[in-house]
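Read off the chains here:
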Amino acid sequence: MSEPILKAIRLTRHFRVGGSLFTQPKTLRAVEDVSLSVEQGETLAIVGESGCGKSTLARMLMRLIEPTSGQMLFEGRQIDQAEGRALTELRRDMQFIFQDPFSSLNPRMSVGRLVGEPLETHAPGLSAQERRAKVADLLSQVGLRAEHAGRYPHEFSGGQRQRIGIARALASGPKLIIGDEPVSALDVSVQAQVINLLAELRDRLGLTLVVIAHDLAVIRHMSDRVAVMYLGKIVEEGPTDEIFAHPRHPYTMALLSAIPEAEHGRTRRQIALTGEMPSPVDPPSGCRFRTRCRFARETCAAEIPALRETDTGPGHRAACHFFEEIAAEAPSPPASAGTGRTDAARARFSLYADAVSGTGIRPRATT
Ligand SMILES: Nc1ncnc2c1ncn2[C@@H]1O[C@H](COP(=O)(O)OP(=O)(O)OP(=O)(O)O)[C@@H](O)[C@H]1O
Ligand code: SF4
Ligand SMILES: [Mg+2]
C-alpha cells in the first residue's frame, strides 16, 4: 500500500482549565493518544458525541492548534513542527471547511474577495483578470454563478454560503480537505446537496476528505472508512461497510442502533446509551467507556484496552478487552454488498443519490 497522505501518531491535546487565586487549574484531556492514517483519495469520517474531541483533533491536523504531544506527517513530511514556507505549503495542500458557514466568512468581504483572497497567497503571479476568471471558475465548480462574486455573504442561503466556503477552500488547489461538521448547521434537504457536492468534487479533483460528523447516517453514504471517537480516544475504526455490518465496540453498536431502521433497511435492536459522557477533566480509569458500558467488568477499570485488529478483516480495529465475547453474544447481520473500497463507496453514494432524487434534489454524477 502507498504511503498515507496524512498520518497522526499518538496525538494528544490537553487544555488547562479553571484555576483561580485559591484553586489550581485542572487538565482537560480533550484528545488522548490518537493515531490514524488517511490514504490518498479516500474519505475518512470521524464520528462521536458532542465534546468527544473531534474538532480538537481536526484543528490539530490542520495546525490551527498545537498538539501537547504526538506527531503528524503529510505526504511523509513531519508537519507538527512546520514553520515558514513549509507551513505556507501545508496551508495550500490542506484546507478546512467550517461547520458554520456564516461566522467563518467575513461579512464585509464580497464573495469575489473571499474566494480570491487565498489566490493572493498561493497564486501570486495571477493578473487581476486571471484571478477574476479563476474565481468565476471556482464558483461554477461549487454550483454558483460568476455574478455571485459581487454579492456579500448575508445575501445567500445557508447552503449557498457553505458552497462559498467550499470554493474558498478549493482556491489554493488543496490535496486534502477537512470538514468539521460541514453540513450539520444546514437543513436536511440542503445537507444532501452539499454532501453530493463534496463527493463529486472529491471524485473529480482526486481530493482526500476527512469529514467530521455526529450523524452516522450522513457519513455512511460518502465515507470509505470510519473512526469512532469517545472521550478523546478512537474506540473503533475500519472500512465503513465493516463498521456498519459488524460493529465490535459496544459504543459503536449503541450509536448504530440509534439510526432509524429505514436507514439501513434491516432490523437492529436498539441499545440504550445511558448517562452522560464523563468529564474529560477526570476520565474513568481503564476503558473510558466503562461507566456507560453494559458489558463492563473489573478488568475494564484496571486496564486501558488497546486498539486491536478484529476478526472481520484487515484495518478493522476496536479498543475493547472483550469484543470477541460480545460479538459472539450478539452476532451481527451479514455484511452488505461491496467489492472493494472505492466500489463500495460508489455503491453507497449511488444508493444515496437514488434516495435524494425522490426528494427533488438533483444528485450529481459520481464518476
Ligand atoms: N480551547 C479550549 N479550552 C478548554 N477546553 C477546550 C477547548 N477546546 C475544546 N475544549 C474541550 O475539549 C473537549 C473536546 O472539545 P471538541 O470541541 O474537540 O469536541 P467535539 O467532539 O468537536 O464536540 P462537538 O461535537 O460539540 O463539536 C470538550 O470538553 C471541550 O470543552
Ligand atoms: S473494555 Fe470493558 S468497558 Fe470498555 S467497551 Fe469493552 S467491555 Fe465495555
Ligand atoms: Mg466540534
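Check the entry above for the structure.
Residues numbered from 1 in each chain as written. Chains lettered and ligands numbered in written order. Predicted model: local features only at pLDDT ≥ 70, side-chain atom pairs only at ≥ 80, totals over all residues.

1. Considerations on the packing of helix α3 (residues 111–122) against helix α4 (residues 128–141)
To be explicit about the condition: A fitted line through C-alpha atoms represents every axis, and for helices the fit uses only the stretch in contact; the resulting angles, taken between N-to-C directions, go from 0 to 180 degrees. Each helix is a run of H or I in the DSSP string that is no shorter than four residues. Each strand is a run of E no shorter than two, and both are numbered from the N terminus. Angle categories are assigned with fixed cut-offs, so that under 35 degrees is roughly parallel, over 145 is roughly antiparallel, 65 to 115 is roughly perpendicular, and the rest are oblique. Each crossing gets its hand from how the near helix is turned against the far one by less than a right angle, where anticlockwise is left-handed and clockwise is right-handed. In this description, a residue-residue contact is defined by the distance between C-beta atoms placed from the backbone, which must lie within 7 Å. Amino acids are sorted into nonpolar (Ala, Val, Leu, Ile, Met, Phe, Trp, Tyr, Cys and Pro), charged (Asp, Glu, Lys and Arg) and polar (every other residue, Gly among them).
At their nearest, the axes of α3 and α4 sit 9 Å apart, and the two run at 115° to each other. When the interaxial angle is binned, α3 and α4 end up roughly perpendicular. When you trace α3 past α4, the crossing you get is right-handed. Judged by residue contacts, G112, V115, G116 and L119 of α3 engage R131, K134, V135, L138 and L139 from α4. Residue composition of the contact of α3 with α4, by class: five nonpolar, two polar and two charged.

2. Describing the site of ligand 2
For the record, the criterion: A residue counts as near a molecule or strand when its C-beta atom, positioned from the backbone, falls within 6 Å of it.
The immediate surroundings of ligand 2 are formed by 13 residues, with C287, R290, C293, C300 and C320 found nearest. Partitioning the shell around ligand 2 into residue classes produces 10 nonpolar, two polar and one charged.

3. Let's talk about the sheet that holds strand β8 (residues 208–213)
Where we set the bar: DSSP bridges decide pairing: two strands pair if at least two such bridges lie between them.
Spatially, β6-β7-β8-β3-β9-β10-β12-β11 is the arrangement adopted by the eight strands of the open sheet, whose pairing is mixed. Both edges of this open sheet fall to β6 (94–97) and β11 (308–309), since each of them pairs with a single strand only. Across the sheet, helix α9 (residues 250–257) lies against β9 (225–230) and β10 (233–239), angled at about 105° from β9, the strand it touches most.

4. With respect to the environment of A192
Operational definition: Neighbour counting defines burial: a residue surrounded by 20 or more other C-beta atoms within 10 Å of its own C-beta is buried, one with 12 or fewer is exposed, and intermediate counts give partly exposed, using backbone-placed C-beta atoms.
Along the polypeptide, A192 turns up in helix α6 (residues 188–205). For A192, a count of 23 C-beta atoms within 10 Å gives the class buried. A192 sits 26 residues away from V218 along the chain, and the two C-alpha atoms are 8.3 Å apart.

5. Observations regarding the sheet that holds strand β5 (residues 77–78)
In a beta sheet, neighbouring strands pair by backbone hydrogen bonds and run either parallel or antiparallel. The sheet built from four strands is open, its strands ordered β2-β1-β4-β5 with antiparallel pairing. On the outer flanks of this sheet lie β2 (26–38) and β5, each paired with one strand and no other. With five bridges joining them, strand β1 (residues 6–17) and strand β4 (residues 69–74) adopt antiparallel strand pairing. Each residue of the ladder has a partner; that of K7, found in β4, is L73. Sheet strands in contact with helix α1 (residues 54–61) are β1, β2 and β4, and its direction is about 120° off that of β1.

6. Re the packing of helix α5 (residues 158–170) against α6
In helix packing, the relevant descriptors are the interaxial angle and the interaxial distance, both defined with respect to the helix axes. Running from amino to carboxyl end, α5 crosses α6 at an angle of 20°, the nearest separation of the two axes being 10 Å. The orientation of α5 with respect to α6, classified from their angle, is roughly parallel. Judged by the sense of rotation from one axis to the other, the crossing of α5 with α6 is right-handed. Judged by residue contacts, G158, G159, Q162, R163 and I166 of α5 engage V190, Q193, V194 and L197 from α6.

7. Digging into the site of ligand 1
Neighbouring residues of ligand 1: 14 residues in total, closest F15, A30, S50, S55 and T56. Contributions of two or more residues to the shell around ligand 1 are made by β1, β2 and α1. Partitioned by chemical class, the residues of the shell around ligand 1 number six nonpolar, seven polar and one charged.

8. Some words on the pairing of strand β3 (residues 43–47)
Of all five residues that make up β3, five are buried, and the element is covered over most of its length. Residues T43, A45 and V47 point to one face of β3 and L44 and I46 to the other, with burial holding for every one of them. Bridge count for β3 against β8 is five bridges, and the pairing is parallel. Bridge assignment links I46 to a residue of β8, and that residue is I212. Note: β3 against β9, four bridges, orientation parallel. Counterpart to A45 in the pairing with β9 is V226.

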